[in-house]
Amino acid sequence: MDRNTSSESKRAGSGRLSAEEAARLPDRLLDAAMEVFLDQGYARTTMDRIVRVAGASTKTVYSRYRNKNEILTAAVRRLMENGLPNLLSALDADAGKVVSQAFLPKIGERLAALATDDELLGIYRLVVAESTRFPDLAQLYAEGSGRVAAFLTRLFAQWYESGRLPLHGKPEGAAAAFLDLCVATPRNKALTGAPLSRAQLKAHVVSAVEIFLKGCGPRLPAR
């Protein structure tokens, strides 16, 4: 999108936004906000900058969002509502087609790739930096993580009940362990400027799944 082209040039002759522009306006504002937040960080982001990047009027932006915290929360909510359900639905649709243990690397790779996506990684940085000042933002991010954990919990419980996955703990604990094993290292590497290559990420997930499955096996005897 040409950032120097304001929405004024795209308005109908009446001076109002065309129907097409009006329909696109909410996404355009949130796209612009996310671009500025990820580029500038929270502290340096201003509503005026978002207005300029969106090519909208100040009145238009402030009629929807009172401040930059509200527009950031809306942008994060949109990402969580649009991206996660699609990913989890796709994984859920495939989950019954293959042996559970053979499907685990695919789940791990998809989740690790999501966690290291530039946009989501940028949001994670913002949440970590601003969560003490804006707990609502941290809660929203936690809700997204909770959806993933709930999906894995349900999936592992189903596999356990059907005899496809041994568990000697609660499915909730297995879900948390699986997420930590598959996602934590790729995300931390990306956060510190040394992201894993696609091949490295795949190899990491394969090892993580192997460790996870060994942990699901028979308990070691007490010493």
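On a predicted model such as this, the values are computed, not experimentally measured, just so you know.

Draft legend 1. Summary view of the packing of helix 4 (residues 68-95) against helix 7 (residues 135-161). Contact pair helix 4 / helix 7: the axes reach a minimum separation of 9 Å and the direction vectors enclose 10°. When the axis of helix 4 is compared with that of helix 7, the two are roughly parallel. On helix 7, the residues that touch L72, T73, V76, R77, M80, E81, L84, P85, L88, L91, D92 and A95 of helix 4 are L137, L140, Y141, E143, G144, R147, V148, F151, R154, L155 and W159. Taken together, the residues of the contact of helix 4 with helix 7 sort by class into 15 nonpolar, two polar and six charged.

Draft legend 2. Just the pattern of salt bridges, in detail. According to the stated counting rule, one finds seven salt bridges in the structure shown. Put simply, D94 and K106 hold a salt bridge, and the shortest N to O gap is 2.9 Å. With D94 in helix 4 and K106 in helix 5 (residues 100-115), this pair connects stretches of sequence that are twelve residues apart. Overlapping salt bridges, with partners in common, bring together D27, D31 and R78 in one network.

Basis of the calculations
Residues numbered from 1 in each chain as written. Predicted model: local features only at pLDDT ≥ 70, side-chain atom pairs only at ≥ 80, totals over all residues. Heavy atoms only, no water. Axes fitted to C-alpha atoms, helices over the stretch in contact; angles between N-to-C directions. Helix = DSSP H or I, 4+ residues; strand = E, 2+ residues; numbered from the N terminus. Parallel < 35°, antiparallel > 145°, perpendicular 65-115°, else oblique. Contact = heavy atoms within 4.5 Å. Nonpolar A, V, L, I, M, F, W, Y, C, P; charged D, E, K, R; others polar. Salt bridge = Lys/Arg side-chain N within 4 Å of Asp/Glu carboxyl O.

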